[in-house]
Structures are given as structure tokens and as C-alpha cells.
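# Structural overview for review
These are the residues of each chain, in order.
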Amino acid sequence: MLGLRSVGELAGILRTTPRRLYSIADTIDGYVHFYELLDPANPKRKARIVLNPMGELRRIQFRLLHDLFRRRLRPSPFSFGGVPGRSATQNATQHIQSQFIYTTDIQNFFPSISQWRVREMFQSRLDCSADVSQLLARLCTYKGHLAQGLITSPILADRAVHRVDVRIAGLCESHRLSYTRFVDDITVSGWFSFDLDKSGIVSLIRRIMNECGFQIAQHKEQTGEVANGDVAVTGLRIIRGHLDPTADYIHRLETQLESHRKLGQGDQLVGPLFTKQQLRGRVEYVCAINRNRSRTLRQKFGLIDWSAVEAIVVERGLIVCRKSLIPLKTLSSMH
């Protein structure tokens, strides 16, 4: 619980004044910049619009997160995304002993959490006064809803899905199933053979979501046997009781390693160019998840003549593959 009864009390925690908080809320457009995120490594992926809070709004958001929300709000025990000390690997590990699995996403997750819902959450569930709830909702939303890029959005979204977590977890417990959520990614699994469609579990999950004001992205629903490794949990598959990156990720990494090895021998580069540090990071990520891949991947990485690669990069004027943020001058650029 937050238990804030006055705007003055809130301002004291944030080391500012009520007048300044209202001023920021009234002129929030002046503290927000938008960028288009481009990823050369995934050219087919649609460019993502990123909101970036600036100046005093960023400082207020930072203090809200670290001095108030994280100190007084406990994360859902079923949530593993955006929670300090938890990770995608830990999320997938919760399902490592299962035999079957179901995954899906919450559709339009942040935009579906409106400013009105945030205000009601502060007032009804977090014991804040009406004035404090209204001001907090204005400082923590943009254009009427939670926005990706605002520092406080993940922890507030986690709190907003609390009822969903409790109800789905209760449903799963009654059927001896496991449930976790990684931000908006939902996973349900079980250790015995189970026909999810005939059981009605999937329909009940959709119903719970609807009753709590959310929608399941049905086009992203997947079900399958864990042993087949064809259903990933937050980018990881389960093979014979062990975690492993998806086959697609491994294939792309091996292709990138071979392409850079050949580049060092003077051949043409196939695919995007990465730095030594970037490719090493990808290799170590896989090795940390599945040690059985360490010898092969590190050997392939070691075959790359990085001195030759760097010389050819300069000679040919190649550009290293990096994600880039392109400023958008107006909100109309988003459409």
C-alpha cells in the first residue's frame, strides 16, 4: 500500500513542491520526446516508437519508482519481467519440468491500461486520496494511458494485472498447472498430458482477461508438447529438462559467426556486421543458458580473425550493426 493522503506528502517524498508537480502534469508534452527505434539486424521487424521522458519529468518518474513504488509495492509472485532480481531465464525455468505448454500475449498491454484505471488503482487499491491519485495518474501516463518508455510504466502495469495473476494462478492451482507472466507474455504449463482445448482452460483464461479489462492476442496463442521444443517461453525452449535458445536464434548466431569468419578471409559479408564485443555477447548469452553449446560456439568465435575483419571494415566503409533512435519531430510522425 502507498497510503498517501495529501499532495504535500507526495511532494515531500519526491523532494519538490505541490505547485511544481501540478506544473509538470499540466505541461507534460514539453517533457516528452519520441524516437523511432530501428534494428538493422531485424530489417523485417516494424520500426518501434519509443517515448523518452526528459528533464524534470524524468527526475520525478525516477524518484517515484525508486523512492516510493519499489519501497512500498511488492511485485506479483508470478511476474518475472521488469522485476529486479528476476529474468526471462527464471521465468522459463518455472516450466522446465512440464510436459505441455501454452503461451500467449496480452494485446496492446500498456495502451489498454488507461489513465482512469491507473487513478482508480491508486485510490481503491493503494489507499491514496482522490487528489493524490489524480495527480499520480497524470504524472505516470501519457495521452490517457500507460506508455512504453515512461520509467514507472512496468511496475504500475504489474500492479494493474494483479487481479489477473491471482485468478489465473488460482485456476491453474486447481488443475495442477504452472502459471507465470513476463510483462505481457503469459505461460501456462503442466507435467501430465493435458488437452488444453478440451479442458476449457484457454477459454477460461480469455474470460478472466476480458473480465479484468484485457484482451488475449489470440493470433499469438501457442500450445504444444515441451519435448518438441517448438513452443518458446520468453525466447527460450525446453529440451530434455534444460533451457536452450530457440532454434532460429542458434541458426542466426551460427550464420553470423561463419559470415564474419569468411569476411576476415576477404569474402563478402552476408547479413549485418557486428563488432567483436557484440558477437561475443551473443555467444556468451547462449553459453550461459546452455553450457553444452559452449565448446562449439566459442570455437567458431575463435576462428574469426578480428584484426583482418576490422581492417576490411575500414577499407570497405562498412557500418557496424547497431540499433538506432531517430528523433520524431511531431506526434503525427507516429502514424
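See above for the structure.
Quick caveat, the model's predicted, so the values are computed rather than measured.

### Focus on the pairing of strand 7 (residues 236–239)
Covered by surrounding structure in strand 7 are Leu236 and Ile238 together with Arg237 and Ile239, the residues of both alternating faces. Pairing between strand 7 and strand 8 (residues 242–245): four bridges, direction antiparallel. In the sheet register, Ile238 faces strand 8, and the bridge partner there is Leu243. Turn length for the strand 7-strand 8 hairpin, with the two strands adjacent in sequence and antiparallel, is two residues, and the turn residue Arg240 shows positive phi of about 50 degrees.

### Considering the layout of surface pockets
Looking at the second largest pocket, its volume works out to about 310 Å³. What lines the second largest pocket is a set of 14 residues, and nearest its centre among them are Asp105, Asp185, Ala232, Thr234 and Gly235. Only strand 3 (100–105) and strand 5 (185–190) provide two or more residues apiece to the lining of the second largest pocket. Across the lining of the second largest pocket, the residue classes break down as five nonpolar, six polar and three charged.

### Overview of the packing of helix 12 (residues 276–289) against helix 13 (residues 294–302)
Contact pair helix 12 / helix 13: the axes reach a minimum separation of 9 Å and the direction vectors enclose 170 degrees. Relative to helix 13, the element helix 12 is oriented roughly antiparallel. Across the interface between the two elements, Lys276, Leu279, Arg280, Val283, Glu284, Val286 and Cys287 from helix 12 touch Ser294, Leu297, Arg298 and Phe301 from helix 13. Here the contact of helix 12 with helix 13 is composed, by residue class, of six nonpolar, one polar and four charged.

### Quick word on empty space enclosed by the protein
Within the structure shown, the criterion is met by one cavity of 30 Å³ or more. Estimates place the volume of the largest cavity at around 50 Å³. What lines the largest cavity is Leu73, Arg74, Pro75, Ser76, Ile155, Asp158, Arg159 and His162. It is helix 7 (residues 153–160) that contributes the most residues to the lining of the largest cavity, three residues altogether. When the residues that make up the lining of the largest cavity are grouped by side-chain class, the tally is three nonpolar, two polar and three charged.

### Considering the sheet that holds strand 4 (residues 177–182)
With respect to topology, four strands assemble into an open sheet ordered 4-5-3-6, the strand pairing being antiparallel. For this open sheet the edge positions go to strand 4 and strand 6 (222–225), each flanked by a neighbour on one side alone. When the angles between neighbouring strand axes are averaged without regard to direction, this sheet yields 15 degrees. When strand 3 meets strand 6, the two strands line up antiparallel, connected through four bridges. Considered in strand 6, the bridge of Thr103 is made with Gln222.

### Here's the deal with the packing of helix 2 (residues 18–26) against helix 6 (residues 130–139)
Interaxial distance between helix 2 and helix 6 falls to 9 Å at its minimum, and their mutual angle equals 45 degrees. Considering the angle they form, helix 2 stands oblique to helix 6. Relative to helix 6, helix 2 is oriented so that their crossing is left-handed. For the pair helix 2 and helix 6, the contacting residues are Leu21, Tyr22, Ile24, Ala25 and Asp26 in the first and Leu135, Arg138 and Leu139 in the second. Of the residues contributing to the contact of helix 2 with helix 6, the split by class is six nonpolar, no polar and two charged.

Definitions and limits used
Residues numbered from 1 in each chain as written. Predicted model: local features only at pLDDT ≥ 70, side-chain atom pairs only at ≥ 80, totals over all residues. Heavy atoms only, no water. Buried < 20%, exposed > 50% of the residue type's maximum accessible area, 1.4 Å probe, protein only. Helix = DSSP H or I, 4+ residues; strand = E, 2+ residues; numbered from the N terminus. Pairing = 2+ DSSP bridges. 1 Å grid on protein atoms, 1.4 Å probe; cavity = no way out; pocket = protein on both sides within 12 Å on 5 of 7 lines; lining within 4 Å. Points joined across faces, edges and corners; volume = space filled by probe spheres on them. Nonpolar A, V, L, I, M, F, W, Y, C, P; charged D, E, K, R; others polar. Axes fitted to C-alpha atoms, helices over the stretch in contact; angles between N-to-C directions. Parallel < 35°, antiparallel > 145°, perpendicular 65-115°, else oblique. Contact = heavy atoms within 4.5 Å. Left-handed = near helix turned anticlockwise from the far one by under 90°.

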